[in-house]
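A look at the structure
Single-letter residue listing:
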Amino acid sequence: MLDAAVTRRLRQIVGDQHFKDDRQSLVAHSYDGTPMLQSLPDGVIYPESTKQVSEIMKVLAEYRIPIVSRGSGSNLCGGTVPVEGGIVMVMHRMNRILEVDMENLTATAQTGIITAEFTAHIESLGLFYPPDPSSMKISTLGGNIAECSGGLRGLKYGTTKDYVIGLEAVLANGEIIRTGGKLMKDVAGYDLTKLLVGSEGTLAIITEATLKLVPPPKSKKTMLAMYKDLYGAARTVSRIIEAKIIPATLEFMDNPTIRVVDDFAKLGLPRDMEAILLIEQDGDPEAVERDIDLIREICVSEQADRLEVAETREQAEKLLTARRSAFTALARLRPTTILEDATVPRSRIADMVLRINDIARKYNVSIATFGHAGDGNLHPTATTDARDQEEVHRVEQAFEEIFEAAIDLGGTITGEHGVGLVKAPFLEWKIGSAGIEVMKGIKRAFDPDNLLNPGKIFAKETRKRVVIQHG
Ligand SMILES: Cc1cc2nc3c(=O)[nH]c(=O)nc-3n(C[C@H](O)[C@H](O)[C@H](O)COP(=O)(O)OP(=O)(O)OC[C@H]3O[C@@H](n4cnc5c(N)ncnc54)[C@H](O)[C@@H]3O)c2cc1C
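The protein chain is annotated in an unreviewed UniProt entry as Glycolate oxidase of Cohnella phaseoli. UniProt, in its Sequence similarities (unreviewed entry) section for the protein chain, records the words "Belongs to the FAD-binding oxidoreductase/transferase type 4 family."

What follows is the structure, encoded as structure tokens:
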């Protein structure tokens, strides 16, 4: 419950209609895209400018009130669940594109804009902003930056961090900082821009971003390779990279995912295949033709059962939609969907998929796997029912073992979804206790009173590692 003086001051800053503390608003902002997590905030605020954000932060700092910045709440790590109460700051009103600089090929925008709206505007000007998380129609640029989101084009074009070159952000004490700029080079001190990318709302509220744009590719070709043998699909991924071809997209779906997506999107996907690879190359037309021919040869030599090259852009879009709808399609199966993003070196994809399948069998849970194979970033997705505590416990044990397997294979506990609440107990497995201490030091430097998204990234206790025996 907020002090009446705080509520009055917050209302004065944003106007009465942009501060809410009615029950419905609090409940609506008590959860996000992550299943089985909920905690009520004490208020919800909707600023429209950096100045307002700064004034809000000054009031909250004075009263030591926690603040959780929120884009669309589509994250999958419990990142916007206000576990310590306080204020949820929704960024949606800060949704303006401030400038597209055609000479420097940069765009500057407020961070509450929906990513797909931003990219559509950029594309209408004949330019290209490659990061394309599957959630781009609902998520915001700020959420993408704070999670360092990836997408289907990550393999060739990189992820959000590769495009953020300047930021404006408000610190816990209300001070405004600016990092980077319209600069391709800048080594003036520590790289605060990169530090804020992926900081999950724990270091500052990011209010504006300057993003690098690139020329759009001249042509694209999309193909589907279908395999009866999972290993064949996985080996194809490694061999494409080994052949020094970097496709724009190299995505994987296993059999359970293929079936569910086909039921959902009615695309006529091959339900009898163990795995499919969705491959897209873009660039100069001759180079695209050459790469697609080489990729086709590799697929055939790895026993692809069938290959299909999209003849039209509509056909290609249909294939990409199939992959983008994997999560939504799986979510229809059972009441609760838990999607993870264990990531391994791409040469270990086959081992990881087999381990996931072994682990799912061991715990008798249903896990389908799809993901950005070219990035080694897999999304093992469990479908379960939160009301069945016993089954949920088995799912949790299975995921714990999946994280451990990823680390064993030289990988990480999260490739793009962030640590948030869900993976905080496992962070030390990846970065060690010394790494945690360095990160805590950075957190203290930015936010000495731990007001910004408290309870995230750092767990009260690290989960004990179990030793996994592999036969
Ligand atoms: C169907 C579906 C598909 C998805 N596909 C992908 C995918 O392909 N790739 C991928 O990487 N992720 C994906 N995600 C996860 C999620 O959409 C991304 O993490 C996304 O970037 C979150 O954006 P958001 O605006 O919803 O942020 P939120 O969920 O609101 O917030 C995410 C985090 O960012 C912080 N934050 C938000 N705005 C700011 C700000 N302005 N300043 C500082 N911190 C801020 C929050 O505090 C929180 O910690 C998917 C999720 C769903 C539901």
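Looking at the side chain of Ser 139
With respect to the helices and strands, the residue Ser 139 is situated in the loop between helix 4 (115-124) and helix 5 (141-147). The buried category is assigned to Ser 139, whose relative accessible area is 5%. Engagement of the side chain of Ser 139 in a polar contact is seen with the side chain of Asn 144, the distance being 3.2 Å. Not counting chain neighbours up to four residues away, the residues in contact with Ser 139 comprise Ser 72, Ser 74, Ile 113, Ile 114, Thr 115, Pro 133 and Asn 144.

Examining the domain arrangement of the protein chain
Along its sequence, the protein chain is carved into domain 1 (4-90), domain 2 (97-212), domain 3 (219-324) and domain 4 (329-446). Taking only C-alpha atoms into account, the centre of domain 1 sits 29 Å from that of domain 4. Counting residues at the interface gives 10 residues for domain 1 and 12 residues for domain 4. Of the roughly 810 Å² buried between domain 1 and domain 4 on both sides combined, carbon and sulfur atoms contribute 81%. Among the residues of domain 1 in contact with domain 4, Met 36, Leu 76 and Cys 77 are the three that bury the most area, contributing 65% of the side total. Across the domain 1-domain 4 interface, the total number found is 0 salt bridges.

Describing the sheet that holds strand 11 (residues 249-254)
Where strands meet in a sheet, backbone hydrogen bonds hold them as pairs that are either parallel or antiparallel. Pairing is antiparallel in the open sheet, where 7 strands are placed in the order 13-10-12-11-15-16-14. Because the sheet does not close on itself, it has two edges, and the strands there are strand 13 (304-309) and strand 14 (336-339). Strand-to-strand twist of the sheet, defined as the mean angle between neighbouring strand axes without regard to direction, takes the value 15°. Where strand 11 meets strand 15 (residues 367-372), 2 bridges bridge the pair, whose relative direction is antiparallel. Counted as the bridge partner of Met 253 is Phe 370 from strand 15. Here helix 9 (residues 255-265) sits on the sheet and contacts strand 11, strand 12 (275-283) and strand 15; the angle it forms with strand 11, its principal contact strand, is near 90°.

Topic: the packing of aromatic side chains
One pass over the structure, following the stated rule, counts 6 aromatic pairs. With centroids separated by 6.5 Å and ring planes inclined at 25°, the aromatic side chains of Phe 399 and Phe 403 adopt a geometry described as stacked. Here Phe 399 pairs with Phe 403, and both are found in helix 14 (residues 389-408), just 4 residues apart, close to one helical turn. Classification of Phe 399 by relative accessible area gives buried; the value is 4%. Ring centres of Phe 426 and Trp 429 lie 5.0 Å apart, and the angle between their planes is 80°; this geometry places the pair in the edge-to-face category. Residue Phe 426 shares its accessibility class with Trp 429, and that shared class is buried. Counting every residue linked through ring pairs, the aromatic cluster contains Phe 399, Phe 403, Phe 426 and Trp 429.

A word on the site of the ligand
Every one of the 33 residues lining the ligand counts as a neighbour, but Ser 69, Gly 71, Ser 74, Ser 135 and Thr 140 are closest to it. One of the side-chain N or O atoms of Asn 453 is found 3.4 Å from an oxygen atom in the ligand. Protein chains shield 95% of the accessible area of the ligand, which is 990 Å² for the free molecule. Element by element, the count of residues in the shell around the ligand is highest for helix 5, at 5 residues. Residue composition of the shell around the ligand, by class: 8 nonpolar, 21 polar and 4 charged. Structurally, the shell around the ligand is a two-domain feature, drawing no fewer than three residues from each of domain 1 (4-90) and domain 2 (97-212).

Describing the sheet that holds strand 6 (residues 106-110)
With antiparallel pairing, 5 strands are arranged side by side in an open sheet as 5-6-9-7-8. Two strands in the sheet have a free side with no partner beyond their single neighbour: strand 5 (97-101) and strand 8 (176-180). Taken over all neighbouring pairs, the strand axes of this sheet differ in orientation by 10° on average, direction set aside. Where strand 5 lies against strand 6, 4 bridges are found, and the strand directions are antiparallel. Bridge pairing in strand 6 links Val 100 to Ala 107. In the packing of helix 4 onto the sheet, contacts are made with strand 5, strand 6 and strand 9 (205-212), and the angle to strand 5 comes to roughly 35°.

Considerations on the nonpolar core
Among the nonpolar cores identified, the biggest contains 57 residues, and Phe 252, Leu 277, Ile 279, Cys 299, Met 352, Ile 367 and Ile 402 are the most heavily contacted of them. Sorting elements by how many residues they give to this core places helix 14 first, with 8 residues. Split by domain, the residues of this core number at least three in each of domain 3 (219-324) and domain 4 (329-446). Once residues within four sequence positions are removed from consideration, Leu 277 is found in contact with Met 223, Leu 224, Ala 225, Tyr 227, Ala 233, Thr 236, Val 237, Glu 251 and Phe 252. Core analysis: the next-biggest nonpolar cluster, separate from the first, contains 29 residues, Phe 118, Tyr 129, Ile 177 and Ile 206 among them.

Overview of the UniProt feature "domain: FAD-binding PCMH-type" (unreviewed entry) in the protein chain
According to UniProt, the "domain: FAD-binding PCMH-type" (unreviewed entry) feature falls on residues 37-216. The annotated region residues 37-216 carries 22% helix and 23% strand content, and the separation between its end C-alpha atoms amounts to 40 Å.

Considerations on the packing of helix 13 (residues 349-362) against helix 14
Look at helix 13 against helix 14: their axes get within 10 Å of each other, and the N-to-C directions meet at 155°. One element, helix 13, and the other, helix 14, form an angle in the roughly antiparallel class. As helix 13 packs across helix 14, the resulting crossing turns out to be right-handed. Residues Met 352, Arg 355, Ile 356, Ile 359 and Lys 362 of helix 13 touch helix 14, and the partners they reach there are Ala 398, Glu 401, Ile 402, Ala 405, Ala 406 and Asp 408. Here the contact of helix 13 with helix 14 is built from residues that sort into 7 nonpolar, no polar and 4 charged.

Overview of helix 4
Think of an α-helix as 3.6 residues a turn; residues three or four steps apart then line up on the same face. For helix 4, the full list of buried residues reads Thr 115, Phe 118, Thr 119 and Ile 122. One face of helix 4 carries all of its buried residues, which in axial projection span an arc of 95°. Against strand 5, strand 6, helix 5 and strand 9 lie the buried residues of helix 4. Among the residues trailing helix 4, Gly 126 stands out with phi positive, at a value near 80°.

What counts, and at which threshold
- Residues numbered from 1 in each chain as written.
- Predicted model: local features only at pLDDT ≥ 70, side-chain atom pairs only at ≥ 80, totals over all residues.
- Heavy atoms only, no water.
- UniProt positions renumbered as here; feature names shortened; annotations may be inferred.
- Helix = DSSP H or I, 4+ residues; strand = E, 2+ residues; numbered from the N terminus.
- Buried < 20%, exposed > 50% of the residue type's maximum accessible area, 1.4 Å probe, protein only.
- Polar contact = N/O pair within 3.5 Å; in protein donor to acceptor, adjacent residues only side chain to side chain.
- Contact = heavy atoms within 4.5 Å.
- Domains from an automatic or database assignment.
- Buried area = accessible area lost by both parts, 1.4 Å probe.
- Salt bridge = Lys/Arg side-chain N within 4 Å of Asp/Glu carboxyl O.
- Pairing = 2+ DSSP bridges.
- Axes fitted to C-alpha atoms, helices over the stretch in contact; angles between N-to-C directions.
- Phe/Tyr/Trp six-rings, centres within 6.5 Å; stacked < 30°, edge-to-face > 60°.
- Near = heavy atom within 4 Å.
- Areas by Shrake-Rupley, 256 points an atom, 1.4 Å probe, with all protein chains shown as cover.
- Nonpolar A, V, L, I, M, F, W, Y, C, P; charged D, E, K, R; others polar.
- Core = buried A, V, L, I, M, F, W, Y, C linked by side-chain atoms within 4.5 Å.
- Parallel < 35°, antiparallel > 145°, perpendicular 65-115°, else oblique.
- Left-handed = near helix turned anticlockwise from the far one by under 90°.
- Arc of directions from axis to C-beta.

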